[in-house]
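Given next are the chains, with one letter for each unit.
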Number of protein chains: 2
Amino acid sequence: MLDKKLLLGKAVADSLTENIIKDVEYLKNEGVNPTLAMLKVGNREEDSAYQRGANSRCIKCGIEPKIIELEEDCSEEEYIKQLKSLNEDSSVHGILCFRPLPKQIREEVVEDVIDPIKDIDCFSPINMAKIISNDSTGYAPCTPKAVIEILDYYNINIEGENISVLGRSLVVGRPLAMLLINRNATVRVCHSKTRDIEKISQDSDILISCMGRAKMVNEKFVKKGAVLIDVGINFDEDGNMCGDVDFDSVIEKVDKITPVPRGVGSVTTSVLAKHLVKACKKLNNL
Amino acid sequence: MLDKKLLLGKAVADSLTENIIKDVEYLKNEGVNPTLAMLKVGNREEDSAYQRGANSRCIKCGIEPKIIELEEDCSEEEYIKQLKSLNEDSSVHGILCFRPLPKQIREEVVEDVIDPIKDIDCFSPINMAKIISNDSTGYAPCTPKAVIEILDYYNINIEGENISVLGRSLVVGRPLAMLLINRNATVRVCHSKTRDIEKISQDSDILISCMGRAKMVNEKFVKKGAVLIDVGINFDEDGNMCGDVDFDSVIEKVDKITPVPRGVGSVTTSVLAKHLVKACKKLNNL
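Residues numbered from 1 in each chain as written. Chains lettered and ligands numbered in written order. Predicted model: local features only at pLDDT ≥ 70, side-chain atom pairs only at ≥ 80, totals over all residues.

Things to note about the overall build of chain A
- Broken down by element type, chain A carries 11 helices and 10 strands.
- Here the C-alpha radius of gyration of chain A, 19 Å, is about what a compact globule of 286 residues would show, namely 19 Å.
- By its C-alpha atoms, chain A is 50 × 40 × 40 Å across when sized along the principal axes.
- Put simply, chain A has 286 residues, and 48% of those count as buried.
- Long-range pairs, those at least 24 residues apart, make up 69% of the contacts in chain A with a sequence separation of at least 6. (Helix = DSSP H or I, 4+ residues; strand = E, 2+ residues; numbered from the N terminus. Rg over C-alpha atoms; globule rule 2.2 N^0.38 Å. Buried ≥ 20, exposed ≤ 12 C-beta atoms within 10 Å, placed from the backbone. Contact = placed C-beta atoms within 7 Å.)

Concerning the domain arrangement of chain A
- Segmenting chain A into domains produces domain 1 (30-118) and domain 2 (142-264).
- One C-alpha centre belongs to domain 1 of chain A, the other to domain 2 of chain A, and the line joining them spans 29 Å. (Domains from an automatic or database assignment.)

A short note on helix α8 (residues 173-182) of chain A
All names here are of chain A.
- For α8, a buried count of 10 out of 10 residues is recorded, marking the element as mostly surrounded by other parts of the structure.
- Along α8, the residues that are buried comprise Gly173, Arg174, Pro175, Leu176, Ala177, Met178, Leu179, Leu180, Ile181 and Asn182.
- Downstream of α8 by one or two residues, Asn184 has phi in the positive range, about 70 degrees.

Observations regarding the relation of the copies chain B and chain A
- For the pair chain B and chain A, the best superposition has an RMSD of 0.0 Å and corresponds to a rotation of 180 degrees with a translation of 0.0 Å parallel to the axis. On this basis, the relationship between the two copies can be described by a two-fold rotation axis. Closest approach to the rotation axis among the C-alpha atoms of chain B is made by Arg188 of chain B, whose C-alpha sits 1.9 Å away. (Least-squares fit on C-alpha atoms with pLDDT ≥ 70 in both.)

Details of the confidence of the model for chain A
- Averaged over every residue, the pLDDT of chain A is 96; the share at 70 or more is 100%.
- Scored as a whole, the predicted complex attains pTM 0.96, and scored at its interfaces, ipTM 0.94. (pLDDT = per-residue confidence, 0-100.)

Observations regarding the pairing of strand β4 (residues 162-166) of chain A
Residues and elements named next belong to chain A.
- Judged by how many residues are buried, β4 sits mostly within the fold: five of five residues are covered.
- Burial along β4 is two-sided: Asn162, Ser164 and Leu166 facing one way and Ile163 and Val165 facing the other are all buried.
- Pairing of β4 with strand β5 (residues 186-190) involves five bridges; the strand directions are parallel. Across the sheet, Leu166 pairs through a bridge with Cys190, a residue of β5.
- With α8 bridging β4 and the parallel β5, this β-α-β connection has right-handed handedness.
- Note: β4 against strand β6 (residues 206-209), four bridges, orientation parallel. Bridge pairing in β6 links Ile163 to Ile206. (Pairing = 2+ DSSP bridges. Right-handed = clockwise from strand over helix to strand, strands pointing away.)

Things to note about the interface of chain B and chain A
- Listed as interface residues are 22 residues of chain B and, on the opposing side, 22 residues of chain A.
- Grouping the constituent residues of the side of chain B that touches chain A by class yields 11 nonpolar, five polar and six charged.
- Here three bridges tie β5 of chain A to strand β5 (residues 186-190) of chain B, and the two strands are oriented antiparallel to one another. Across the sheet, the residue bridging to Arg188 of chain A is Arg188 of chain B, located in β5 of chain B. (Nonpolar A, V, L, I, M, F, W, Y, C, P; charged D, E, K, R; others polar.)

Examining the nonpolar core
- The biggest cluster of nonpolar side chains holds 166 residues, and the ones touching the most others in it are Leu96 and Ile208 of chain A together with Leu96 and Ile208 of chain B.
- When neighbours within four sequence positions are excluded, Ile208 of chain A is seen to be in contact with Val147, Ile163, Val165, Leu166, Leu176, Ile229 and Val231 of chain A. (Core = buried A, V, L, I, M, F, W, Y, C linked by C-beta atoms within 7 Å.)

Quick notes on the pairing of strand β1 (residues 35-41) of chain A
All names here are of chain A.
- Counting buried positions over the seven residues of β1 gives five, a clear majority of the element.
- Relative to strand β2 (residues 64-70), β1 runs parallel, the two sharing seven bridges. Directly across from Lys40, in β2, lies its bridge partner Glu69.
- Taken together, β1, helix α3 (residues 45-61) and β2 form a β-α-β motif whose crossover is right-handed.
- Of the strand pairs in this sheet, β1 and strand β3 (residues 94-97) are connected by four bridges, and their pairing is parallel. Residue pairing for β3: Ala37 is matched across the bridge by Ile95.

Here's the deal with the sheet that holds β2 of chain A
All names here are of chain A.
- Taking strand neighbours across the sheet as the criterion, the three strands line up as β2-β1-β3 in an open arrangement whose pairing is parallel. Two strands in the sheet have a free side with no partner beyond their single neighbour: β2 and β3. In this sheet, neighbouring strand axes are inclined to one another by 20 degrees on average, regardless of whether the strands run parallel or antiparallel.
- Its contacts with the sheet place α3 against β1, β2 and β3, and it is angled at close to 155 degrees to β2. (Axes fitted to C-alpha atoms, helices over the stretch in contact; angles between N-to-C directions.)

Section: the environment of Gln82 of chain A
All names here are of chain A.
- Within the secondary structure, Gln82 sits in helix α4 (residues 76-88).
- On the neighbour-count criterion, Gln82 (16 C-beta atoms within 10 Å) is partly exposed.
- When the C-alpha atoms of Gln82 and Ile95 are compared, they prove to be 11 Å apart, with 13 residues separating the residues in sequence.
- Excluding its chain neighbours within four sequence positions, the residues that come into contact with Gln82 are Leu39, Ile68 and Leu70.

Thoughts on the packing of helix α6 (residues 125-132) of chain B against helix α8 (residues 173-182) of chain B
Residues and elements named next belong to chain B.
- Where α6 contacts α8, the axes come no closer than 8 Å and their chain directions differ by 40 degrees. What the angle tells us is that α6 and α8 run oblique. For the pair α6 and α8, the contacting residues are Met128, Ile131 and Ile132 in the first and Pro175, Met178 and Leu179 in the second.
- Looking at the contact of α6 with α8, its residues break down into six nonpolar, no polar and no charged. (Parallel < 35°, antiparallel > 145°, perpendicular 65-115°, else oblique.)

A few points about the sheet that holds strand β3 (residues 94-97) of chain B
Residue and element names in this part refer to chain B.
- An order of β2-β1-β3 is seen for the three strands of this open sheet, with the pairing classed as parallel. What marks the edges here is a single partner per strand, and that holds for β2 (64-70) and β3. On average, adjacent strands in this sheet sit at an angle of 20 degrees to one another, irrespective of strand direction.
- Docked against the sheet, helix α3 (residues 45-61) engages β1 (35-41), β2 and β3, running at close to 155 degrees with respect to β2.

What follows is the structure, encoded as C-alpha cells:
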C-alpha cells in the first residue's frame with residue numbers, strides 16, 4: 001500500500017541512463033568521446049558528495065568525467081582563465097561549475113564567461129532566459145528538470161493541473177515554475193512571505209516543495225489525493241537526512257509522494273548526463 | 001463613486017515624468033544629451049502609434065528621440081549592421097527595437113546583438129535573466145513595469161498579496177510574474193489551458209489580465225473588493241478600444257480598476273523614458 005505511493009527516483013534514473021548509454025555508444029561510433037568537466041574550488045563536503053554521484057553516473061553512462069580542483073583561495077582571474085580554457089577545449093563537451101563559489105570569485109562575472117552551449121546546469125543567463133522563453137535549445141538547471149522527468153516517468157499529468165511550487169530560489173523554484181508553465185500547468189509560487197501558506201497549498205493537484213525547511217510541509221498543506229514532490233534536502237535534529245515534507249504526517253492523504261532520500265535527488269545526475277549528451281551532439285552537429 | 005475606483009494612468013505618468021525631467025536636467029548639466037534611438041522596420045500602424053507616444057513623451061522629458069526607419073524588406077544583415085552602429089554610437093543611450101520583426105529577421109539572432117546596457121525594453125536575454133534573478137541592474141519590459149509603477153503610485157500593497165496573472169506571454173505575463181515574486185507577492189500564472197479559470201481567479205487580492213481577449217474577464221472572475229489591472233488592448237465588435245475586462249460587469253465588485261484606454265497603456269512610455277535615463281547614467285558613470 002505505502003510502496004505503491006512512492007515515486008522512487010531510481011527507476012527514473014535507470015530509464016534515463018538506459019537512453020543515455022545508447023546515445024553515448026552512437027557518439028563513440030562517430031568518433032566523439034563524451035566528456036564532462038567539473039570545476040571545483042576548495043573542498044566542501046556537499047560538493048564532494050555531488051561530485052561522487054556525478055562521477056559514478058558518468059562512468060555508468062560511458063561519459064568521461066574530468067575533475068579540475070582549484071585551491072580555496074584561487075583568484076577570480078585564475079578561475080576565469082581555467083573556465084575559458086575549458087570553453088575552448090574541444091575534447092570537453094559540458095562544464096559543471098560547483099556553486100556557491102568562494103567570495104573572491106563573483107558569480108555575476110563568471111556566469112557570463114561559461115560557453116552557453118557547454119553550460120549543462122544553467123549557470124549562464126543565456127540558458128536561464130531560454131527557460132522563460134520556452135526555448136528548448138538551452139539547458140534547465142538539473143534539479144527542476146529532475147522533477148519534470150519524475151512526473152513524466154510516472155505518467156503524472158502536468159497540463160492544466162493546479163500546481164503550487166513552495167520556494168522561489170534561482171536554482172529550483174523560479175526555473176521550475178517556468179518549466180511547468182511551459183508544460184501548460186497553472187502554477188502558483190509560494191514562499192516565506194506567503195500568507196496562510198497551508199490553506200493556499202491545499203488546492204493543489206501537485207504540490208512541490210523546495211523551501212529547504214526540514215519537515216515543514218505537513219498534512220495541513222495537502223489536499224486528499226494530491227501528488228507531493230519533495231525537493232528539500234535537510235537534516236533533522238538527529239542528523240538524519242530528510243526532506244521539506246513531514247512524511248508520516250502526509251502519507252495517508254497523498255496519492256503519490258517522492259521520499260527523501262531516494263526521490264528527486266536520485267535523478268539529478270542522470271539529468272546532468274542527459275544534458276551532457278545533448279551538448280555533445282550540438283557541438284559535433286550530430 | 002465610480003471615479004474613486006479608477007486607477008488612471010495619467011497621474012502615474014505625470015509623477016514619473018516629473019522625476020525624469022529633473023534627472024534629464026542634471027544629465028544635461030553634466031554635458032550629456034539623453035537620446036533614445038527607435039529602430040523600425042516597415043510601416044505597421046501599431047508601431048507608428050507607439051512611436052508617436054514615445055516621441056512625445058521623450059520631448060516632454062527633454063530626451064532626444066531619434067527614429068531610424070528601415071525598409072520592410074530590409075535584410076537581417078542590414079538590420080544587425082544598423083543595430084551595431086547604434087550600440088557603438090556614444091551619443092545614443094537607449095535603443096528600442098520595434099517588434100515583431102518581419103520574417104527575414106530572426107529575433108533569436110538579433111536579441112543577442114543589442115547591447116544589454118542600451119536595451120531599455122528588455123529584448124536581450126541578459127536583461128530577461130536579470131528579472132528572474134531579481135537583479136535590478138537590468139531593465140524589465142516596459143508594460144509589466146508599468147503595472148508595478150501603477151500599484152506603487154496608488155499605494156496598493158504587493159507583498160504577501162495573492163495575485164493572479166492571466167496570460168503568460170514573454171513580453172508581459174512571464175516577466176510580470178517574476179517582478180511580483182521579487183516584490184514578495186504570492187503569484188499564480190493562469191492561461192488558456194487553466195481549468196476553471198473563473199473560479200481560480202476568484203481568490204485573488206489583485207487580478208491582472210494580459211490575455212489579449214476582449215472583455216473576457218467578467219464578474220465571475222472577481223472577488224469582492226479586489227484590485228483589477230487590465231493590460232489588454234483589444235477592439236470590440238464596434239471597433240472601439242477595450243481591455244480584457246468587461247468593465248460594466250465588474251465595476252460594482254472591484255475596489256480599484258485600471259480602465260482601457262487611460263490605464264496601463266498611458267504609463268508605458270514614461271517607463272521607457274525612466275529606463276532611458278537609467279541607461280544614460282550608467283553609460284556615463286553618473
